[in-house]
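Below are the chains, spelled out letter by letter.
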Amino acid sequence: MSNPSPLSNESIGPSGPESDRQREQRLRRLARSVKGSTQFLSFWVAIALPFVHLPLLAQGLGDPRITATFLVLLAVNVCALYVGHGYKR
């Protein structure tokens with residue numbers, strides 16, 4: 001008679017459709033969480049950035065560095081609006 005192995009295969013997770021389904025569910029939950037966090041952050045960045053634009057506009061856009069800063073912030077604001085538009089729908 002052979003003795004049972006001291007190592008049990010129970011410690012190894014099941015390999016098959018059940019583990020794949022669980023992995024897929026975890027990935028979906030993670031994706032929803034990341035999507036929600038990204039939309040939340042983008043929404044509030046889109047709300048706050050216009051307050052940064054005001055001092056730049058008040059100072060004037062005559063200096064090329066200020067103009068470039070304004071345009072970069074404007075592009076970031078447009079991207080944040082696009083990403084955050086679905087928050088809390």
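Rules and cut-offs
- Residues numbered from 1 in each chain as written.
- Predicted model: local features only at pLDDT ≥ 70, side-chain atom pairs only at ≥ 80, totals over all residues.
- Heavy atoms only, no water.
- Helix = DSSP H or I, 4+ residues; strand = E, 2+ residues; numbered from the N terminus.
- Buried < 20%, exposed > 50% of the residue type's maximum accessible area, 1.4 Å probe, protein only.
- Contact = heavy atoms within 4.5 Å.
- Areas by Shrake-Rupley, 256 points an atom, 1.4 Å probe, with all protein chains shown as cover.
- UniProt positions renumbered as here; feature names shortened; annotations may be inferred.
- Patch = residues over 30% accessible without salt bridge, like charges linked within 9 Å, V, L, I, M, F, W, Y side chains within 5 Å.
- Salt bridge = Lys/Arg side-chain N within 4 Å of Asp/Glu carboxyl O.
- Core = buried A, V, L, I, M, F, W, Y, C linked by side-chain atoms within 4.5 Å.
- Expected span 1.5 Å × (residues − 1).
- Arc of directions from axis to C-beta.

Caption draft 1: Just the overall build of the protein chain, in detail. On a plain count of helices and strands, the protein chain comes out with 2 helices and 0 strands. Across the 89 residues of the protein chain, 15% fall into the buried class. Within the protein chain, contacts between residues at least 6 apart in sequence are counted, and of these 63% link residues at least 24 apart. As presented, the protein chain carries roughly 7,600 Å² of accessible surface, and 65% of it is formed by carbon and sulfur atoms.

Caption draft 2: Spatial organisation of the UniProt feature "transmembrane region" (unreviewed entry) in the protein chain. Here, the residues flagged by UniProt with the feature "transmembrane region" (unreviewed entry) are residues 36–54 and 66–84. Between the C-alpha atoms that bound residues 36–54 there is a distance of 29 Å. The span itself is 100% helix and 0% strand. With 100% helix and 0% strand, the stretch residues 66–84 has end C-alpha atoms that lie 26 Å from each other.

Caption draft 3: Summary view of a nonpolar patch on the surface. The grouping of Phe 40, Leu 41, Trp 44, Val 45, Ile 47, Phe 51, Leu 54, Val 72 and Val 76 at the surface amounts to a nonpolar patch, some 870 Å² of accessible area in total. Those elements giving two or more residues to the nonpolar patch turn out to be helix 1 (17–59) and helix 2 (64–84). The element contributing the most residues to the nonpolar patch is helix 1, with 7 residues.

Caption draft 4: Representation of the nonpolar core in the model. One finds Leu 49, Leu 56, Ile 66, Phe 70 and Leu 73 forming the largest nonpolar core, which totals 5 residues. Mapped by element, the contributors of at least two residues to this core are helix 1 and helix 2. Per-element accounting of this core gives the leading share, 3 residues, to helix 2. Apart from the residues within four sequence positions on either side, Phe 70 is in contact with His 53, Leu 56, Leu 57 and Leu 61.

Caption draft 5: The arrangement of helix 2 in detail. Helix length check: helix 2, at 21 residues, gives a terminal C-alpha distance of 30 Å against a target of 30 Å (1.5 Å per residue), a fit within 8%. By the burial criterion, the buried members of helix 2 are Ile 66, Phe 70, Leu 73, Asn 77, Ala 80 and Gly 84. Down the axis, helix 2 shows its buried residues gathered within 90 degrees of arc, on one side only. Residues of helix 2 that are exposed and point over 90 degrees away from its buried face: Pro 64, Val 72, Val 78 and Tyr 82.

Caption draft 6: Geometry of the side chain of Gln 39. With respect to the helices and strands, the residue Gln 39 is situated in helix 1. With a relative accessible area of 16%, Gln 39 lands in the buried category.

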